[in-house]
Amino acid sequence: MPQPSAQVTAAEISRIAGVTRATVSNWRRRHDDFPAPCGGTESSPLYDLETVRAWLASRGQTTAASPLEELRTTLRLYSGGISGLANLLPLVPATARRTPEELTSLAELPDAELAARAEGDAAALADAVPDAGTVHFTEADGAVLRALVLCVRDEGGQAALGVLAERELEDSAASGTYQTPGPLADLVARLIPGAPTSILDPACGSGTLLATAARLGASELYGQDTLPVQAQRSAVSLLLAVPDATVSIRTGDSLRTDAFPDLTVDAVLCNPPYGDRDWGHDELAYDPRWAYGVPARAESELAWVQHALAHLTPGGFAALVLPPATASRASGRRVRAELVRSGTLRAVVALPAGAAAPLHIGLQIWVLQRPEPGGAERKSVLFVDTTDAMNSPSEPGRGGVNQSRTRGGSRAPLDWYGLTARTLAAWEAFTASPDTFTDEPGTARAVPVVDLLDDVVDLTPARQVRVTRADVDPKELAKDVDTTRLGLIQATKSLGRAASYNGWGPTGSASRAWRTATASDLARGGALTLLRTMPEARESGGTVLATGSEAARAVLTGSDIARGTPPSGDPADLRSDTTPVVAAGDVLVRAVAGGGGRMARVAGDEDAGAFLGTHVHLFRPDPTRLDPWFLAGFLDSEDNIAGASTGSTVLQVSPGRLRVPLMPLEEQRRYGEAFRRVHQLRAEAHRATHLAEETAKLLAGGLTGGALLPSPDANSPLPDVDSP
């Protein structure tokens, strides 16, 4: 059967040729011999890759794509199939061990000699990659081998591995494969006490948890995954990251065909698949691993929990990422009861939604310890609720990357720094002395085992840590209410002062019209400079910014603009040595419209020095020609944003299309002062609303919880709010 030809989009053509998408559009309009579409739709056509490359070559347009993109393109044309891609995987760690000079010399060899050398290098490591088989390359593989060698030389082994795994996942039609986010993997690994040497991940995926454990000191790494491509990726990734460690990765279903039946380790880390009703309930009904009860058909997660415990040495710990339903489903009550009664379950940590896929639910981390013969009795279980862990303005720049996207915008990013610190502090205090652990009502609580063994055995942290009447000191609550109420009174006074400004009036019988210019025109005339952090820099494996003193800088994100908060992004997420730095007086506009909140703001002193986020446009006006508040006010106009936005589901703002009225600087400043007053009014209204909600919440909770009593004059009528 003939190999189907690879197809590419216009965006991919621009990356292959090293030009902008606008240039590709111009080629399509101006050159009659530009390749005709061979698929796709009228709005999103697809082109034959070989035909496009031939056309570029005929015009002398040599490729300017990065080695990473060149490898991706070459793989699109590779005829080796899945087996050929599997042969390439052992070559990645083999080439990564060579010096750049050696790789340059290797890439310059003729195809036949390159294939022979690559075959020898890959064969030496083939046994370390599951299902790699016998490695064999021919002269016909020369192009892809050369692209792989150059990608490893310039981008690194992990980047090359990512492209190979990406391509193999496409060809294998695998779905539902999600990588455990780095901050979550770090938290899970650090919940294991001591310094474990041997680690098992029975659903290892791409190996993130094992790599994190290795970074923390583990030297024996064992993993298994159902998908061959994931097991292979995990093995190669670990060979690259920890070449001195003992790595053993296998392919297969851990529950049905355990590749390590006799293995016991110091710790098990796992982010298993969720909601799998075909996990082997019938055929594994009498399996010896079910020491705490046979899991129900709907409780595959509890099967994974017991599988992990079966592989632990006595006293060893396991940490698993599980869906919240595992803590409360009726079908799992008996197994949960045994885990609690035996002292095996040590802690349950609730995570915010968006911490990991699936992003719409808040997952949990269960920490378990295999009982030791003659060990101490465990009388309580720790529950920690971190579901409110959004980025805090008091810790700018320490948040993680995870954001749960909504239509046209995003939720606030997770404060991984604060979440991790809070969780580990509670866990370390609990493990040091469970009997004297000091509860934090609403956040962390050590619950006695006897209190958990009811008819439901609900292990949901939010239920266990919630504030009870016994936790509330009536005097402290009354003090908090007074403090918040006084703050509300001051906020309403400030709001009144902001609302009292009346420095505007009607223009007459008709609205005023202006001559306008686009931001692109103003930029060409030198009145302003347009800057943006390019997202492509992150994908190309550029220089990581978060090193040395630069790590202390925060990143100003689109969410910060929408919420009116200080810069809160993590600089570790930016991979570019040309990221703009925000200065006071810059005008910042979100690159994605919608989602609520403001679209633009003027950078103040608190923003100065922050890195510019990838989804923010920066307008730097010449103060002798443009007033920043005037500029921000008109750029933030709903009509202006709508006119400069494109897209259907996600509206992308084209900064150059935003329009600005043309008027003298003195008149600009009058408008600028008016816009600054509008901003102040909005900020004071937001502050007063927040304090009003907080005051009402405290009062309602205190009255219903018995900590506050209504005063004798509670029946007095409310004052007339309309009276002066």
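Quick look at the structure, then. (Residues numbered from 1 in each chain as written. Predicted model: local features only at pLDDT ≥ 70, side-chain atom pairs only at ≥ 80, totals over all residues. Heavy atoms only, no water.)

## Let's talk about the overall build of the protein
Scanning the protein from N- to C-terminus turns up 25 helices and 25 strands. For the protein, with 724 residues in total, the buried portion stands at 45%. Taking as baseline every contact in the protein between residues at least 6 positions apart, the subset at least 24 positions apart corresponds to 74%. Total accessible area on the protein is roughly 34,700 Å²; 51% of this is exposed by carbon and sulfur atoms. (Helix = DSSP H or I, 4+ residues; strand = E, 2+ residues; numbered from the N terminus. Buried < 20%, exposed > 50% of the residue type's maximum accessible area, 1.4 Å probe, protein only. Contact = heavy atoms within 4.5 Å. Areas by Shrake-Rupley, 256 points an atom, 1.4 Å probe, with all protein chains shown as cover.)

## Quick notes on the pairing of strand β9 (residues 345-350)
It is a general feature of regular strands that their side chains alternate between the two faces of the sheet. A large share of β9 lies buried, amounting to six of its six residues. One ladder, built from five bridges, connects β9 with strand β10 (residues 364-369); its direction is antiparallel. When the bridges of β10 are listed, Ala 350 appears paired with Gln 364. Across four bridges, β9 lies against strand β11 (residues 380-385) in parallel orientation. Paired with Val 349 across the bridge in β11 is Val 384. (Pairing = 2+ DSSP bridges.)

## Examining the environment of Cys 38
Looking at the secondary structure, you find Cys 38 in the loop between α2 (21-30) and β2 (39-40). Residues Cys 38 and Gln 7, spaced 31 residues apart in sequence, show a C-alpha to C-alpha distance of 8.0 Å. Apart from residues lying up to four places away in sequence, Cys 38 is in contact with Gln 7, Leu 46, Tyr 47 and Asp 48.

## Some details on a negative patch on the surface
On the surface, Asp 473, Glu 476, Asp 480 and Glu 694 cluster together to form a negatively charged patch. Within the secondary structure layout, Asp 473 lies in the loop between α18 (461-465) and α19 (474-499). (Patch = residues over 30% accessible without salt bridge, like charges linked within 9 Å, V, L, I, M, F, W, Y side chains within 5 Å. Salt bridge = Lys/Arg side-chain N within 4 Å of Asp/Glu carboxyl O. Lys, Arg positive; Asp, Glu negative; His and termini not counted. Charge placed at Lys NZ, Arg CZ, Asp CG, Glu CD.)

## Section: the sheet that holds strand β18 (residues 587-590)
Reading across from one edge, β16-β22-β18-β20 is the order of the four strands in this open sheet, with antiparallel pairing throughout. Of all the strands in the sheet, just β16 (528-532) and β20 (600-602) have a single pairing partner and so form its edges. This sheet shows a mean twist of 20 degrees between the axes of neighbouring strands, independent of strand direction. Here β16 runs beside strand β22 (residues 616-621); their pairing, made up of five bridges, is antiparallel. Residue pairing across strands places Arg 532 opposite His 617, the latter belonging to β22. (Axes fitted to C-alpha atoms, helices over the stretch in contact; angles between N-to-C directions.)

## Concerning the pattern of salt bridges
Taken as a whole, this structure holds 25 salt bridges when the rule is applied. The shortest N-O distance in the salt bridge between Arg 190 and Asp 186 comes to 3.2 Å. You can see Arg 190 and its partner Asp 186 sitting in helix α11 (residues 182-190), four residues apart, about one turn around the helix. When the shortest N-O distance is used, the salt bridge between Asp 636 and Arg 598 registers 2.6 Å. You can see Asp 636 sitting in the loop between α23 (628-635) and α24 (638-643) and its partner Arg 598 sitting in the loop between β19 (592-593) and β20, a full 38 residues away along the chain. With relative accessibility at 29%, the residue Arg 598 sits in the partly exposed group. Where salt bridges share partners, they join Asp 253, Arg 256, Asp 278 and Glu 283 into one cluster.

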